[in-house]
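# Structure at a glance
These are the residues of each chain, in order.
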Amino acid sequence: MNILEMIAKKQKKQELTKEEIEYFIEGYTKESIPDYQVAGLVMAIYINGMSMEETTNLTLAMANSGEVLDLTELGIVVDKHSTGGVGDKITLILMPIMSALGVPVAKMSGRGLGFTGGTADKLEAIPGYQTNLSIEKFKQNVKEIGISLITQTGNLAPADKKLYALRDAISCTDSIPLIASSIMSKKIASGASKIVLDVTCGNGAFMKTKEEAVELAKVMKQIGNLAGKETVCIITNMEEPLGYSVGNTLEIIETLEALKGNMLPDVKEVVLTLGSYILKLAGKGDNIEENKAKIEMCLLSNLAYEKFIELVEKQEGDASYCRHPNQLKKAEKFVYVTKQEEGYIKEMRAELIGKVACYLGAGRTKKEDSIDMTAGVILNKKVGDYVEKGEVIATLYTNDITKIEEARKRMEEAIKITEEKPKKEKMILEII
Ligand code: URA
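Residues numbered from 1 in each chain as written. Predicted model: local features only at pLDDT ≥ 70, side-chain atom pairs only at ≥ 80, totals over all residues. Heavy atoms only, no water.

Once that is clear, we can look at the packing of aromatic side chains. Applying the stated criterion across every chain, the model contains three aromatic pairs. Centroid distance Phe-334 to Tyr-397: 5.9 Å. Interplanar angle 35°. Geometry classified as tilted. Within this pair, whereas Phe-334 is found in strand β7 (residues 333-337), its partner Tyr-397 is found in strand β11 (residues 394-398), the two being separated by 63 residues in sequence. The interplanar angle of 75° and the centroid separation of 5.1 Å between the aromatic rings of Tyr-344 and Tyr-386 together place this pair among those described as edge-to-face. Of the two residues, Tyr-344 is situated in strand β8 (residues 343-348) and Tyr-386 in strand β10 (residues 386-387); the sequence distance between them amounts to 42 residues. By relative accessible area, which is 36% here, Tyr-386 ends up partly exposed. An aromatic cluster is defined as three or more aromatic residues linked by ring pairs; in this entry it consists of Phe-334, Tyr-336 and Tyr-397. Positioned over the ring face of Tyr-28 is Lys-162, at 4.4 Å from the centre of the ring. The ring of Tyr-359 has Lys-403 sitting right over it, with the charged end atom 5.2 Å from the ring centre. (Phe/Tyr/Trp six-rings, centres within 6.5 Å; stacked < 30°, edge-to-face > 60°. Helix = DSSP H or I, 4+ residues; strand = E, 2+ residues; numbered from the N terminus. Buried < 20%, exposed > 50% of the residue type's maximum accessible area, 1.4 Å probe, protein only. Lys NZ or Arg CZ within 6 Å of the ring centre and 35° of its normal.)

Below is the structure:
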């Protein structure tokens, strides 16, 4: 087999065989095929796409490039994954609720890259919390307390890790076959029996339109089903950031509030919808409305909040910060964002706000960058709210005073005001 012939085939929009795809993934993982040739092939795939069969073969080859976990001893593990967003703390809120309702939670989460945040980074904002556990310890924690949230181990779909970094470096991230195979390879390798996917859609997501999001969802669902893992995709709105905080410590504070039942309506709708489908797949009830009521009851009982505390303690975090969130330090410098006009907020562009949070120190632009856990953005208002001239719309936190003025300007540009009250957009766009 020859990588140059494969690049030429994809340039001519021809299909790669299963053997060719396995050859390229194995060669790339073992470094016998260099980055620049894989970059050529990835670019041809990005431009000319892949058939469903090619995408499935790519997914399976990437899943099998490292360790494939078997979690069957833990019961029906339903995995949850988001295709990425801004202010997306849904895993942190939802998974303790699921655990409190008797669904085993064994979840590996990614780190943030670019303008999107990552759950593993957010958990590390809790002093002491360990995200790097061995697989044995990970499973043991699930057996003992019903939940473990860790970062992806080094040997989970290593081909995806390399390809993802390469795609990022050559501007080939927003491709349906490449995103679908990237996400599904990790889900298959991490051993869950069923999968609920939050497919985000809007300016703060990889998929900018509903049509693209539906197409991505259909491809991922089909791959999941072919791999014998029942998969449900929920298309959610990512035009404005989710909830009121963007940034690691700030999102932990919002999570703790949410686990006590205090959630903004957008967060609540996503939590209830995703959660009710997870309960359904886990065999805890087929009726979606009844499942939503179970989640509401769970929040009222404080059980999910206590489960989160138990998780933090089990993973060596200092839970006193969770019991007293005001002890979690925010960055020292802050500035308010206002507008010189009054009216209704029409837009709060998630992508731009994610970039502002990153610029303030909350995210990475390169994998090796370190992040400032305490930096980020608080939204004091949301789309549809009325604001007076000069009223505080958002607060920016950073430890780097040199960035604060530029960040404030960029933030002002991300917010649009209108005289007419805008129609509130739906959060759940479609379920596939
Ligand atoms: N999340 C992933 O894991 N991979 C992608 O390609 C996009 C989002």
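Here we come to the site of the ligand. What surrounds the ligand is the set His-81, Thr-83, Tyr-164, Arg-167, Ile-179, Ser-182, Ile-183, Lys-186 and Phe-206. In the environment of the ligand, an oxygen atom lies 2.4 Å from a nitrogen or oxygen atom belonging to the side chain of Lys-186. When isolated, the ligand has an accessible area of 240 Å², and the protein chains bury 91% of it. At a threshold of 2 Å from the grid points, most atoms of the ligand map onto the largest pocket. Counting only elements with at least two residues in the shell around the ligand, the list comes to α8 (158-169) and α9 (176-189). Within the shell around the ligand, the residues separate by chemical class into four nonpolar, three polar and two charged. (Near = heavy atom within 4 Å. Polar contact = N/O pair within 3.5 Å; in protein donor to acceptor, adjacent residues only side chain to side chain. Areas by Shrake-Rupley, 256 points an atom, 1.4 Å probe, with all protein chains shown as cover. 1 Å grid on protein atoms, 1.4 Å probe; cavity = no way out; pocket = protein on both sides within 12 Å on 5 of 7 lines; lining within 4 Å. Sits in = over half its atoms within 2 Å of the grid points. Nonpolar A, V, L, I, M, F, W, Y, C, P; charged D, E, K, R; others polar.)

A full pass over the atoms with the stated rule returns two cavities of 30 Å³ or more. Phe-115, Thr-116, Gly-117, Ala-362 and Gly-363 are the residues nearest the centre of the largest cavity, which is lined by 23 residues in total. Among the elements of the structure, α6 (119-123), α11 (248-259) and α16 (350-362) are those that each provide at least two residues to the lining of the largest cavity. If one sorts the elements of the lining of the largest cavity by residue count, α16 sits on top with four residues. In terms of residue class, the lining of the largest cavity is made up of eight nonpolar, eleven polar and four charged. Counting only domains with at least three residues in the lining of the largest cavity, you end up with domain 2 (72-323) and domain 3 (329-418). The calculated volume of the second largest cavity comes to roughly 30 Å³. Lining the second largest cavity are Asp-79, Met-108, Gln-152, Leu-156, Lys-186, Lys-187 and Ser-190. Residues of the lining of the second largest cavity, tallied by class, amount to two nonpolar, two polar and three charged. (Points joined across faces, edges and corners; volume = space filled by probe spheres on them. Domains from an automatic or database assignment.)

With that settled, the discussion passes to the environment of Ala-282. Note on placement: Ala-282 falls in the loop between α12 (265-281) and α13 (288-301). Between the C-alpha atom of Ala-282 and that of Pro-104, which follows or precedes it by 178 residues, the distance is 8.9 Å. Leave out the neighbours within four places in its chain, and Ala-282 touches Ile-76, Val-78 and Val-103. (Contact = heavy atoms within 4.5 Å.)

Counting residues in each nonpolar core, the largest one holds 54 residues, and the members touching the most others are Ile-97, Met-98, Val-271 and Phe-308. If you list the elements that add at least two residues to this core, you get α5 (90-100), β3 (147-151), β5 (230-237), α11, α12, α13 and α14 (303-314). Here the element with the most residues in this core is α12; it accounts for nine residues. Setting aside chain neighbours within four positions, we find Ile-97 in contact with Leu-259, Val-271, Ile-295, Cys-298, Leu-299 and Ala-304. One finds Val-337, Val-356, Ala-414 and Ile-415 within the second-largest nonpolar core, a separate group that totals 27 residues. (Core = buried A, V, L, I, M, F, W, Y, C linked by side-chain atoms within 4.5 Å.)

Assigned domains within the chain: domain 1 (3-49), domain 2 (72-323) and domain 3 (329-418). In this structure, domain 2 and domain 3 have C-alpha centres spaced 25 Å apart. Listed as interface residues are 30 residues of domain 2 and, on the opposing side, 27 residues of domain 3. Surface buried jointly by domain 2 and domain 3 totals about 2,200 Å² across both partners, of which 59% is contributed by carbon and sulfur atoms. Among the residues of domain 2 in contact with domain 3, Phe-115, Glu-240 and Leu-250 are the three that bury the most area, contributing 24% of the side total. Our count for the contact surface shared by domain 2 and domain 3 stands at four salt bridges. A salt bridge links Asp-121 to Arg-364; the shortest N-O distance between them is 2.8 Å. Across the contact surface, domain 2 and domain 3 share 14 residue pairs in polar contact (both at pLDDT 80 or more). (Buried area = accessible area lost by both parts, 1.4 Å probe. Salt bridge = Lys/Arg side-chain N within 4 Å of Asp/Glu carboxyl O.)

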